[in-house]
Amino acid sequence: MATNRVLSIQSHVVHGYVGNKCATFPLQVLGFDVDPINSVHLSNHTGYKHIRGQKMNDSELTDVFEGIVLNDLHGMYSHLLTGYIGTPQFLKKIVDVVKTLKKANPNLVFFCDPVMGDNGKFYVPETFVDIYRDELIPLADIVSPNQFEAELLTGIKIKSESDAWAILDTFHKQGVKIAVISSTDIGAPDNLLAFLSELPKGATKPKRSTLLMPKIGSVNFTGTGDLFAGLFLAHITTSPEASAALEKTVASLQAVIHNTAQHLSAVVTPGTTITAVDRELRIVQSKKDIEEPKVVLKAQIHK
């Protein structure tokens, strides 16, 4: 079996950086082979005025995955990473993919990023909540929802740190080993606060940590959650402590956002409109920041 090979089932855009375009390059830079299956194939992400392309359906996923299995390649994967999915039927089919991969490699790590929406807005049909909560989360080893998604999956609103820990404990009760809420607005107005909880096998009490991240600029960048998932998968695999993995992930993520914001200030003059093209993440230009994250923001360990 190959070491550190990821099957990544996410969206694909021809232009720009979301989904597999966000996750593949950083994972490769950090030493992972990546085999992408594109749940959708679009001209660009939804921040643009016009979008064209196709959604892969469940039978097409079955067909592609069958080819992998027939060639006896499915036992090669160390990780399965899932992100944006286009249809409920496709999402349900991933359950079969997970079970097949785990049968071929019982040590496979399933990293589920339950991409459903952000800031109170759904990107997908609301039926996704039930499918993720009841069928996919119980199979996952790692989950990384944002605040909106974490609240949807558990029915708990995050108004305090204790609410966030209650959400992560809910994921642990479903069998998830490592649960991270990639961002919450508890640090508002100028900061975001990430929560991480790890329940090692046989442990009765989780290891908990938080990390406070300053907001960079006033522009929202598309794809940051997908980038977070790819980076965290790499660092949680190679770091001795989950908190160290979170620190490295945030270091690279903040560097990419900073580089993108700097690019914005260089190309957009005062009074002009910031376009979707201007806001695309500067991932390739941040290669060194991904390879060698400079950790400045340290996680706070909670006993």
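Let us look at the structure shown here. (Residues numbered from 1 in each chain as written. Predicted model: local features only at pLDDT ≥ 70, side-chain atom pairs only at ≥ 80, totals over all residues. Heavy atoms only, no water.)

## Structural notes on the packing of aromatic side chains
Under the definition given, this model contains five aromatic pairs. With a centroid separation of 6.3 Å and an interplanar angle of 75°, the aromatic rings of Phe111 and Phe232 are classed as edge-to-face. Note that Phe111 is positioned in strand S5 (residues 109-112) and Phe232 in helix H7 (residues 224-238), a separation of 121 residues in sequence. Note on Phe111: relative accessible area 0%, which makes it buried. Using a relative accessible area of 0% as the deciding quantity, one classes Phe232 as buried. When the ring of Phe228 is compared with that of Phe232, the centres are 5.8 Å apart and the planes differ by 20°; the resulting orientation is stacked. Here Phe228 pairs with Phe232, and both are found in helix H7, just four residues apart, close to one helical turn. By relative accessible area, which is 2% here, Phe228 ends up buried. Pairwise contacts between aromatic rings join Phe111, Phe228 and Phe232 into one cluster. (Phe/Tyr/Trp six-rings, centres within 6.5 Å; stacked < 30°, edge-to-face > 60°. Helix = DSSP H or I, 4+ residues; strand = E, 2+ residues; numbered from the N terminus. Buried < 20%, exposed > 50% of the residue type's maximum accessible area, 1.4 Å probe, protein only.)

## Here we look at the side chain of Thr260
Mapping Thr260 onto the fold places it in helix H8 (residues 242-267). Every residue in contact with Thr260, bar those within four places of it in the chain, is listed here: Phe221, Arg279, Glu280, Leu281 and Arg282. (Contact = heavy atoms within 4.5 Å.)

## A word on the pattern of salt bridges
Where charged atoms from two side chains of opposite charge approach closely, those side chains can pair. Evaluation of the coordinates by the stated rule reveals 13 salt bridges. For Glu247, the salt bridge goes to Lys298, with nearest N and O atoms at 3.5 Å. Of this pair, Glu247 sits in helix H8 while Lys298 sits in the loop between helix H9 (287-291) and strand S12 (300-302), and the two are 51 residues apart along the sequence. Counted as one network, the salt bridges with shared partners bring together Arg5, Asp33 and Asp35. (Salt bridge = Lys/Arg side-chain N within 4 Å of Asp/Glu carboxyl O.)

## Brief notes about the packing of H7 against H8
Interaxial distance between H7 and H8 falls to 9 Å at its minimum, and their mutual angle equals 140°. On the basis of their axis angle, the class for H7 and H8 is oblique. As H7 packs across H8, the resulting crossing turns out to be right-handed. Contacts between H7 and H8 involve Thr224, Leu227, Phe228, Leu231, Phe232, His235 and Ile236 on the former and, on the latter, Ala242, Ala245, Leu246, Lys248, Thr249, Ser252, Leu253, Val256 and Ile257. Across the contact of H7 with H8, the residue classes break down as 11 nonpolar, four polar and one charged. (Axes fitted to C-alpha atoms, helices over the stretch in contact; angles between N-to-C directions. Parallel < 35°, antiparallel > 145°, perpendicular 65-115°, else oblique. Left-handed = near helix turned anticlockwise from the far one by under 90°. Nonpolar A, V, L, I, M, F, W, Y, C, P; charged D, E, K, R; others polar.)

## Topic: the pairing of strand S9 (residues 178-181)
A two-sided burial pattern is seen for S9, the buried positions comprising Ile178 and Val180 on one face and Ala179 and Ile181 on the other. Across two bridges, the pairing between strand S8 (residues 142-143) and S9 is parallel. Within the sheet, the bridge partner assigned to Val143 lies in S9 and is Ala179. Judged from the four bridges that link them, S9 and strand S10 (residues 191-198) form a sheet pairing that is antiparallel. The residue of S10 that forms the bridge with Val180 is Leu196. (Pairing = 2+ DSSP bridges.)

## Quick notes on unusual backbone geometry
You will see that Asp72, though not glycine, has its phi angle at about 60°, which is positive. Here Asp72 shows up in the loop between helix H2 (58-70) and strand S4 (79-82).

## Some details on the sheet that holds S5
Ordered by their spatial adjacency, 10 strands build an open sheet running S3-S2-S1-S4-S5-S8-S9-S10-S11-S12, and the pairing between neighbours is mixed. What marks the edges here is a single partner per strand, and that holds for strand S3 (53-55) and S12.

## Here we look at the pairing of strand S1 (residues 5-13)
Among the nine residues that make up S1, nine are buried, leaving the element largely enclosed by the rest of the structure. Both S1 and strand S2 (residues 33-42) contribute to a ladder of eight bridges, which runs parallel. When the sheet's bridge partners are listed, Ile9 is paired in S2 with Ile37. In terms of handedness, the path from S1 via helix H1 (residues 20-29) over to S2 forms a crossover that is right-handed. (Right-handed = clockwise from strand over helix to strand, strands pointing away.)

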